[in-house]
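Reading the structure
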Amino acid sequence: MPMRFDGVPLGRARKLDNGWLKAPATFTRCGVFVYRKPDGSTLRELRLPEEVFKKDSLETLELVPITSRHPPEKLLDDETTKARQVGQVGDSIRRNGSLVTGSVMLTDKDAVQLVEGGRDQLSCGYLCRTDES
């Protein structure tokens, strides 16, 4: 199953008294996504609203760990999360027009400093089934 990584904007963050950072986030959208293939060519994939906004699809984003970089493993699991987690996605994932939005909480000091220093992108990694038609 192919893996995809999509960069999306992180909203204006608010630092809490305990040093954590809470921010609104856009996780994905419907529409055409452009990916670069290893040979340098591009691949265009359409993500339809009926797929993006399916209840079970939205639920896969709820309460998942956040990492500072994409892990070398394809996906996190119960053995790799502890070493990589720097925060967590909230549980109020929702449709907002053509976007999927919610919130994130960063709890790791280094990750908080990266955002305060200008990092403003969130990149969701996910597995997908593609239809070549």
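See the structure printed just above.
On a predicted model such as this, the values are computed, not experimentally measured, just so you know. (Residues numbered from 1 in each chain as written. Predicted model: local features only at pLDDT ≥ 70, side-chain atom pairs only at ≥ 80, totals over all residues. Heavy atoms only, no water.)

Counting across every chain of the model gives 1 aromatic pair. Each ring, one from Phe33 and one from Tyr35, has its centre 6.4 Å from the other, and the planes form 15 degrees; the classification is stacked. Given the relative accessible area of 7%, Phe33 is considered buried. Exposure remark for Tyr35: the relative accessible area of 11% places this residue in the buried category. (Phe/Tyr/Trp six-rings, centres within 6.5 Å; stacked < 30°, edge-to-face > 60°. Buried < 20%, exposed > 50% of the residue type's maximum accessible area, 1.4 Å probe, protein only.)

Among the nonpolar cores identified, the biggest contains 23 residues, and Phe27, Ile93, Val100, Val104 and Leu106 are the most heavily contacted of them. Among the elements of the structure, β3 (21-29), β7 (85-89), β9 (99-106), α4 (109-116) and β10 (121-127) are those that each provide at least two residues to this core. Considering every element that reaches this core, the biggest residue donor is β3, with 4 residues. (Core = buried A, V, L, I, M, F, W, Y, C linked by side-chain atoms within 4.5 Å. Helix = DSSP H or I, 4+ residues; strand = E, 2+ residues; numbered from the N terminus.)

Looking now at the environment of Asp108. Here Asp108 lies in the loop between β9 and α4. It is 17 Å that separates the C-alpha atoms of Asp108 and Pro24, two residues lying 84 residues apart in sequence.

Checked against the element boundaries, Arg14 lands in strand β2 (residues 14-15). You can call Arg14 partly exposed: its relative accessible area is 49%. Taking C-alpha positions, Arg14 is 37 Å from Thr130, a pair spaced 116 residues apart along the chain. For Arg14, the contacting residues outside a window of four places in its chain are Trp20, Leu21 and Lys22. (Contact = heavy atoms within 4.5 Å.)

As a further point, take α4. Considered for burial, the residues of α4 that qualify are Ala111, Val112 and Val115. Projected onto a plane normal to the axis of α4, the buried residues spread over an arc of 100 degrees and lie on a single side. Facing away from the buried side of α4 by over 90 degrees, the exposed positions are Lys109 and Asp110. Of the surrounding elements, those touching the buried residues of α4 are β2, β3, β7 and β9. For α4, the N-terminal capping position is held by Asp108, with its side-chain oxygen 3.1 Å away from the main-chain nitrogen of Asp110. One or two positions beyond α4, positive phi appears at Gly118, with a value near 125 degrees. (Arc of directions from axis to C-beta. Polar contact = N/O pair within 3.5 Å; in protein donor to acceptor, adjacent residues only side chain to side chain.)

So, about the pairing of β9. Direction of pairing for β3 relative to β9: antiparallel, over a ladder of 8 bridges. Directly across from Pro24, in β9, lies its bridge partner Ser103. In the sheet, β7 pairs with β9 via 3 bridges, with the strands oriented antiparallel. Within the sheet, the bridge partner assigned to Val89 lies in β9 and is Val104. Note that strand β8 (residues 94-96) and β9 share 3 bridges and pair antiparallel. Among the inter-strand pairings, Asn96 is bridged to a residue of β9, identified as Leu99. Hairpin remark: β8 followed by β9, antiparallel, with 2 residues in the connecting loop; positive phi at Gly97, about 70 degrees. (Pairing = 2+ DSSP bridges.)

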